[in-house]
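Examination of the molecular architecture
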Amino acid sequence: MGALLADVAAWFGDSANWTGAAGVPNRVLEHLQYSIVPILLALLIAVPIGAAVGHSGRGGFLVVGVANGMRSLPELGVLTILVTFMSVGLLPVTIALLILAIPPLLAGTYAGVSNVDRAVVDAARGMGMTEPEILTKVELPNALPLIIGGLRTATLQVIATAAIAAFVGVDGLGRILFSGLAVRDYTRMAAGALLIAVLALLADAALAALQRLIVSPGLRTSTSSRRRAVVAPAQPEQLPQSRSTTPEPELARS
Amino acid sequence: MIEFRGVTKRFPDGTVAVDALDLAVEDGKITVFVGPSGCGKTTSLRMINRMVELTGGTILIDGSDIMAGDAAQLRRGIGYVIQQSGLFPHRSILDNVATVPLLLGWGKRKARERATELMELVGLSPEMAQRYPAQLSGGQQQRVGVARALAADPPILLMDEPFSAVDPVVRENLQDELLRLQSELGKTIVFVTHDIDEAVKLGDKVAVFRTGGLLAQYDEPGHLLARPADDFVDGFVGRDRGYRGLGFLSANGLPVGELSTVGSGATGDQVREAARDGWTLVVSDAGHPLGWVQVGQALSGPVDTDALIAGGSLYDTEADSLRGALDAALSSPSGLGVAVDASGAVVGSVRAADVLAALATARRDEAAA
Amino acid sequence: MIDWSWFPTNAERLVPALGAHLLLALLPVVIGLIVAIPLGWVANRSRPARAVLVPVAGLLYTIPSLVLFILLPGILGTQILDPVNVVVALSVYTVALLVRSVADALAAVPGMVVAAATAMGYRPARRFAQVELPLSLPVLIAGLRVATVTNISLVSVGALIGIGGLGYFITDGFGRGNTTSIFAGVILIVVLALVFDALLVLIGRLVTPWVGVGRKAR
């Protein structure tokens, strides 16, 4: 293992691996490019649909069913089939990644919106909010933790699957890995794998930071319970509504 | 005034929640809708701000049909408080209270100033302004709920079982607070509860509903206890209604008798001399009752304040009803109720027999009126 | 598009691949469950343990499977084609998923029930086995379903680096331009996933007969 680490370190130290079309910076850019478009498209498609279904309460079983069904689809198979029928290129890869990104976002948005305490929605309506106001000022802000949870899952999956896409002929970080595989160069494969893992972790960390930035502190139960213990030590009364435990957003991986 | 004229709510599955309800809610008063579950009381309340759309009849607010305008616009002019508080978890307490002013387009600064005023009005300390609902206790959340409903100063306040999820001590607190607020604000309040004691305590008028959305009786609480319209109301009002009804009869004119008292440093001889029928009350220097001594008990030395026999409830001559007076007499070990003034100083005694005589007088007067 | 005669002629390759696929997917579920129950129990009991275990599990879960398949040989000293890599990688994911499930499931057991059991004289170990664990089964089985379905789907990624299972028909079919082979791989994987998901639902109903009874009676 020590020898391998040294080899991988040497690979990263070799300036030849950092320049040109096959260099690390270019591969990272390609990888990001493959990933960002489908994620943005998925946001545009899944969030409005999930929000509409969650707000109206109609069609929930369909959302859950579709999301669960999608989880059993092997990404490699979806990608291969699309490329087989559409020829190699960015379009089939984008479509395949879009298909992957939609279910977690859809399920997260749906679960987030439909799990908002009914009493809160009732109060909002009773105070004179219109339906669009209820959705944008109450339901979506409260659903943000689960929506971002869905976005994080979708992003991880897309970044991971974009690596697999090199198998069907596009580039990105997966290219480093597969070109290593082709010549049985384990060092290069390990280096490519590490790069993908680091990119995935960084993207997830960035979204976690975004979550901390835009989710209301009132929804962070851990913070509030900590602060509550400090600021208000004696609370004889129980909270009237039991906070429903947040359901797991769609978990899927590749 | 809120007027129900032949109001009916029939749900799509055919159940009739409210059946041809006629009722007028008076301005500036608290009207309580009470009844068992499934009696249509909450549905009736929610039809006023169109959270439930009626299927027959009309509801008029100050003469205009609530169905005439836009529902959201109507609701912004009516305060709404619900059982689970329904506070927005993602907004600070201050912003929760400022919700309706912001919806009405007041501008952030003015809305927040108003919200700060209201937090003070309902007894929330200003340091809570930046906290979030999850950091508050149930009782505090309900206070915020009330403040939020009052923010835009609506003439009408709808309260749907607002205090039923908090523990009894906090509930009583909140009820007293509501009565205090109402004495300052004079809103037209419609209050739903399933608790007849709460209804009788808060209501200027009480509407008792029976299952199927029918109005069983609509009356002042004292009358409700004294003369239930039928067996259903009688059963719903519950046991001890005769006794609880005393709570609505003024104790003005109830004779306050003499009461033998001694100071806390009294000797056995002084006690023996002061006692009437074997009992005397020990009072503090300020005249506050400390407890009873029975002759034959503490005759040897001076009065031992630790060995006094605990007294019963006190009858406040300036605030209490006949119920308070009778309870003072019944709960006193000597049979003499201790009457006090507003400061808590002993002013005399009250006897159960006198309370019963006062009750008979009150009934005669009422029959004559 | 699909040549149905391909199936009988390739049956003797399909059946062993199916078996291998199932073994590679389900063995990690069993291993993961055995490891996750005590870890989840600890995470539920102690706050510091939870503060470490849950984020670490989340972190492990972010590593793409292909990456883990490739890096594990370097860590374990196995050969790149060794199926052990796939079993270990999927076990890691299963543990990462189930630790959280077990902890959440145990936390969701009503405190009153646990208190009542303690008051009747249960000792902690027996209380865990006879009260807390049974009551957390619905959430635990939901976690198992996710783990099983994703594992069955993920084994196919192993085919990219030459490890058997049904994924081979996808990569091999792509290499030869044989659509039937690709579809056969995909369809069999989806069917397997759905069958085992349904099986777990059924097992869940059998072992938690009290769930949903109240609703039915009303």
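In the block above lies the structure referred to throughout.
The notes below deal with the structure included here. (Residues numbered from 1 in each chain as written. Chains lettered and ligands numbered in written order. Predicted model: local features only at pLDDT ≥ 70, side-chain atom pairs only at ≥ 80, totals over all residues. Heavy atoms only, no water.)

Points about the sheet that holds strand β12 (residues 279–283) of chain B
Residue and element names in this part refer to chain B. Put simply, the rule reads: The rule for pairing is simple: two strands pair if DSSP sees at least two bridges between them. Strands here mean DSSP runs of E at least two residues long; helices mean DSSP runs of H or I at least four residues long; both are numbered from the N terminus. Each axis is a line fitted through C-alpha atoms, taken for helices only over the stretch in contact, and angles between the N-to-C directions span 0 to 180 degrees.
Pairing in this open sheet of three strands is mixed, and the strands run β11-β12-β13 from one edge to the other. Strands at the two margins of the open sheet, each flanked by one partner only, are β11 (261–263) and β13 (289–294). Put simply, the sheet's adjacent strands are angled 35° from each other on average, direction ignored. In terms of strand pairing, β11 meets β12 through three bridges, oriented parallel. Across the sheet, the residue bridging to Val 262 is Val 282, located in β12.

Some points on the side chain of His 90 of chain B
Here is the rule: Definition of a polar contact: a pair of N or O atoms within 3.5 Å, with one able to donate and the other able to accept a hydrogen when the atoms are protein atoms, and with sequence-neighbouring residues admitted only if both atoms are side-chain atoms. What makes two residues a contact is simply this: any of their non-hydrogen atoms within 4.5 Å.
Here His 90 of chain B shows up in the loop between β6 (78–82) and α3 (93–97). One polar contact links the side chain of His 90 of chain B to the main-chain carbonyl oxygen of Lys 137 of chain A, over a distance of 2.8 Å. Excluding residues that lie within four positions of it along the chain, His 90 of chain B makes contacts with Lys 137, Val 138, Pro 141, Asn 142, Ser 216 and Leu 219 of chain A together with Tyr 132 of chain B.

Let's talk about the interface of chain A and chain C
Spelled out, the test is: Buried area: the accessible surface (1.4 Å probe) lost by two parts on joining, summed over both. Basic side-chain nitrogens of Lys or Arg form a salt bridge, by our definition, when they fall within 4 Å of a carboxyl oxygen of Asp or Glu.
Listed by partner, the interface residues are 38 residues for chain A and 39 residues for chain C. Across the chain A to chain C interface the summed buried area is about 3500 Å²; carbon plus sulfur atoms make up 78%. Our count for the contact surface shared by chain A and chain C stands at zero salt bridges. When contributions to the side of chain A that touches chain C are tallied by element, the ones reaching two or more residues are α4 (75–86), α7 (131–164), α8 (173–182) and α9 (186–214) of chain A.

Observations regarding the interface of chain B and chain A
Applicable threshold: Residue polarity follows a fixed list, in which Ala, Val, Leu, Ile, Met, Phe, Trp, Tyr, Cys and Pro are nonpolar, Asp, Glu, Lys and Arg are charged, and the others, Gly among them, are polar.
Of the residues lining the interface, 33 residues belong to chain B; the matching set on chain A comes to 32 residues. For the pair chain B and chain A, the summed buried surface comes to about 2900 Å²; carbon and sulfur atoms form 60% of the total. Among the residues of chain B in contact with chain A, His 90, Ala 134 and Gln 135 of chain B are the three that bury the most area, contributing 21% of the side total. Between chain B and chain A we count two salt bridges in total. Among the elements of the structure, α2 (71–76), β6, α4 (99–103) and α6 (138–150) of chain B are those that each provide at least two residues to the side of chain B that touches chain A. The dominant element in the side of chain B that touches chain A, judged by the number of residues it contributes, is α6 of chain B, at five residues. Within the side of chain B that touches chain A, the residues separate by chemical class into 15 nonpolar, eleven polar and seven charged.

Things to note about the layout of surface pockets
Residues and elements named next belong to chain B. What counts is decided by this rule: Definitions used throughout: a 1 Å grid over protein atoms alone; a cavity as a set of points that fits a 1.4 Å probe which cannot get out; a pocket as an open set with protein on both sides within 12 Å along at least five of seven lines; a lining residue as one with an atom within 4 Å of a point. Grid points are joined across faces, edges and corners, and a volume is the space filled by probe spheres set on the points.
In this structure, the second largest pocket spans a volume of roughly 450 Å³. Contributing to the lining of the second largest pocket are 14 residues, with Asp 197, Val 200, Lys 201, Phe 248 and Arg 323 lying nearest its centre. Looking at the lining of the second largest pocket, the elements that each hand over two or more residues are α7 (168–185) and α8 (196–202). Looking at the lining of the second largest pocket residue by residue, the class counts come to three nonpolar, three polar and eight charged.

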